[in-house]
Number of protein chains: 2
Amino acid sequence: MGDPAGIGPEITALAWAALQHTTTHFFVIGDPDLYQTTCTQLELPPVQLIHAPEQCASRFATGLPVLPLALSQPVRLGTPSPVHANMVIQSIKMAVEFCQTAQAAAIVTNPIAKSVLYQAGFTHPGHTEFLGELAETFADWPAPKGPIMMLCGGGLRVALASVHVSLADVPAQITTERVVHAAQVLHHALQQDFAIATPRIALCALNPHAGEDGAMGSEERDILNPLAQVLRAQDIDISNAIAADTLFREENRRTFDAALAMYHDQGLIPVKTLDFHGGTNVTLGLPFVRVSPDHGTGFDIAGKGLARADSLIAAIKLAQQLAAARNLSS
Amino acid sequence: MGDPAGIGPEITALAWAALQHTTTHFFVIGDPDLYQTTCTQLELPPVQLIHAPEQCASRFATGLPVLPLALSQPVRLGTPSPVHANMVIQSIKMAVEFCQTAQAAAIVTNPIAKSVLYQAGFTHPGHTEFLGELAETFADWPAPKGPIMMLCGGGLRVALASVHVSLADVPAQITTERVVHAAQVLHHALQQDFAIATPRIALCALNPHAGEDGAMGSEERDILNPLAQVLRAQDIDISNAIAADTLFREENRRTFDAALAMYHDQGLIPVKTLDFHGGTNVTLGLPFVRVSPDHGTGFDIAGKGLARADSLIAAIKLAQQLAAARNLSS
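Residues numbered from 1 in each chain as written. Chains lettered and ligands numbered in written order. Predicted model: local features only at pLDDT ≥ 70, side-chain atom pairs only at ≥ 80, totals over all residues. Heavy atoms only, no water.

Another aspect to go through is the confidence of the model for chain A. Scored by pLDDT, chain A comes out at a mean of 94, with 99% of its residues at no less than 70. Model confidence for the complex: the whole-complex pTM is 0.93, and ipTM, which rates the interface, is 0.91. (pLDDT = per-residue confidence, 0-100.)

Put into structure tokens, the structure is as follows:
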């Protein structure tokens, strides 16, 4: 569902329109009236109410399948309200349960507004961390556990060793333990979900010029290069720390399957610069597949016919691909 | 000249080959034997020895003009040596003097290896700071003084508020004084050198999501947005702090004439990701025009026929363009 007052409803309907003749099927957990109104405005066929995920496949070609989760109050597009927060959270829980019972192959999450959920008592830093907690209810999951955030777009896959912290707090997060863990989760996910038998990981330096032999920072010499050596001894193909400004140049992009960035903007700038609309956000290291579009709730343009569904469509397609790879490998 | 043991000699000869039939004339200050050998290997015509810059124009179509500055010892390509350091430094000083006496319109500097110069007693952090010191000998220069580093490439111009410091040291450099100064130098240079009457400057946030109202850092709220307001009151068209990951997306790139990045990788990642080979480095706020290619000395590929002159050629062309604009505006 995502936040119902944002662009979620319209991009969901647009994604259905784009995928209706394909074998990429999805259903949305949400308020039937909201989606019906949206589809009517977009001149799309009526929504298809379903009562269990298995009804999705046979109805998908006819209209957007909606598994009902009614909102207690009407939505005002563009005006976020904490009155919907419980339903937003409930839709996430339901999606996880459908994966747990194998009724769904993957989860795609529309954007939420954290500040709105916080007002309703939500205590997780974001979607990703909440899903990480829900994942703990899964019985067994032998792989290295995330959640680790990875952006895909512009031909790049970039995972993050630190995420939503101020720039001043980044260096303290670049510990051997954290970076090793992120690399292990990334390596395993590239094998299991992306079907890359021997993934090549490029390790981003924290400092400019990869520290230039310690002249501009010592983390490469003291933390990153030593841990990369240890990981290589564990058969994880990871580079020493590479200066991040040259890593993403065109020729270099072909030399690795994923990069491990040290902080948010270092990883997101290249992806969004190359491909803003088609970028997606994958959560690695969960017992289920989770992908989301790489943009926010878009309250400012909600309901105005301006929102683009490119990222959501890419997310749905990628989720299907990852789920297929994971089923093959499990 | 740049470091004579790197790719400087061959990209200089290649740049001459690319520009020989144009009105973009340049001469190189360096060792005539070294350039003659290089031109012979590249099957280019013999170099043209000149003894004063004014001879350059009439000789340029015939061969690469070289203003002699002989090295004391032969160069071994790929093997940097401090024995050449004094000549490297001397060539920079001569270039500045030619600008001071209006015998040259602009300076283009080939890459130097700082560690090699340091061994010979060079004490400046780099080319840019050395040029900033040499600029102090110029009598009057009414504009805001740099040096401020700006990268051009991929349709972007990105100036830096902090440059060659570790990531941990960046936040301490993001002071009102420094950022205001960088913005003023940038604004003036866009007018004077880039001939943009009312330049639009995009201010990069330091933190992810521009701090998200203080949740991930307070510099936007406490430093950057207030100083942007002050600058706008001085008729400098600068935005509030914008999240850097979305700033460089394609649609946004058209909305500003230059961005002011807070740190090295934030500014260099988008430029090099979009255009690695054609990127150039401009020093703003000097009493002369200075541009350099946006790459290093390339010791590992020197003399192997692998070096590309794209960036140097772009630098020479841009230097000519900036010098023309500056002459018109002065």
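Below, the discussion takes up the interface of chain A and chain B. At the junction of the two partners, chain A supplies 36 residues and chain B supplies 36 residues. Carbon and sulfur atoms supply 63% of the area that chain A and chain B bury against each other, a total of about 3,100 Å² over both sides. Ranking the residues of chain A by area buried against chain B places L167, D245 and T273 of chain A at the top, with a combined share of 22%. Put simply, chain A and chain B have two salt bridges between them. Remark: the boundary between chain A and chain B carries 12 residue pairs in polar contact (both at pLDDT 80 or more). (Contact = heavy atoms within 4.5 Å. Buried area = accessible area lost by both parts, 1.4 Å probe. Salt bridge = Lys/Arg side-chain N within 4 Å of Asp/Glu carboxyl O. Polar contact = N/O pair within 3.5 Å; in protein donor to acceptor, adjacent residues only side chain to side chain.)

Residue and element names in this part refer to chain A. All of the buried residues in helix 2 (residues 32-41) are P32, L34, Y35, T38 and C39. On an axial view of helix 2, the arc spanned by its buried residues comes to 160°, and they lie on one face. Opposite its buried face, helix 2 presents the exposed residues D33 and Q41, each directed more than 90 degrees away. Looking at where helix 2 begins, the residue whose side-chain oxygen comes 3.1 Å from the main-chain nitrogen of D33 is D31. One or two positions beyond helix 2, positive phi appears at E43, with a value near 60°. (Buried < 20%, exposed > 50% of the residue type's maximum accessible area, 1.4 Å probe, protein only. Helix = DSSP H or I, 4+ residues; strand = E, 2+ residues; numbered from the N terminus. Arc of directions from axis to C-beta.)

Attention now goes to helix 4 (residues 85-100) of chain B. Residue and element names in this part refer to chain B. Its 16 residues give helix 4 an end-to-end C-alpha distance of 23 Å, which sits within 8% of 22 Å, the value for a rise of 1.5 Å per residue. Considered for burial, the residues of helix 4 that qualify are A85, V88, I89, S91, I92, M94, A95, V96, F98 and C99. Close packing links the buried residues of helix 4 with strand 1 (28-30), strand 3 (65-68), strand 4 (107-108), helix 5 (114-119) and helix 6 (127-135). Count one or two residues on from helix 4 and you reach A102, which has phi positive near 60°. (Expected span 1.5 Å × (residues − 1).)

It is worth spelling out the relation of the copies chain A and chain B at this point. With an RMSD of 0.0 Å, the operation that places chain A on chain B is a rotation of 180° combined with a shift of 0.0 Å along the axis. In short, the pair behaves as if placed about a two-fold rotation axis. (Least-squares fit on C-alpha atoms with pLDDT ≥ 70 in both.)

Moving on: the packing of aromatic side chains. Residues and elements named next belong to chain A. In this structure the tally under the stated criterion is 13 aromatic pairs over all chains. Relative to F130, the ring of F122 lies with its centre 5.2 Å away and its plane at 80°, an arrangement referred to as edge-to-face. Pair check on accessibility: F122 and F130 agree, each one buried. Here the aromatic rings of F138 and F288 are separated by 5.5 Å at their centres, their planes lie at 40°, and the arrangement is tilted. (Phe/Tyr/Trp six-rings, centres within 6.5 Å; stacked < 30°, edge-to-face > 60°.)

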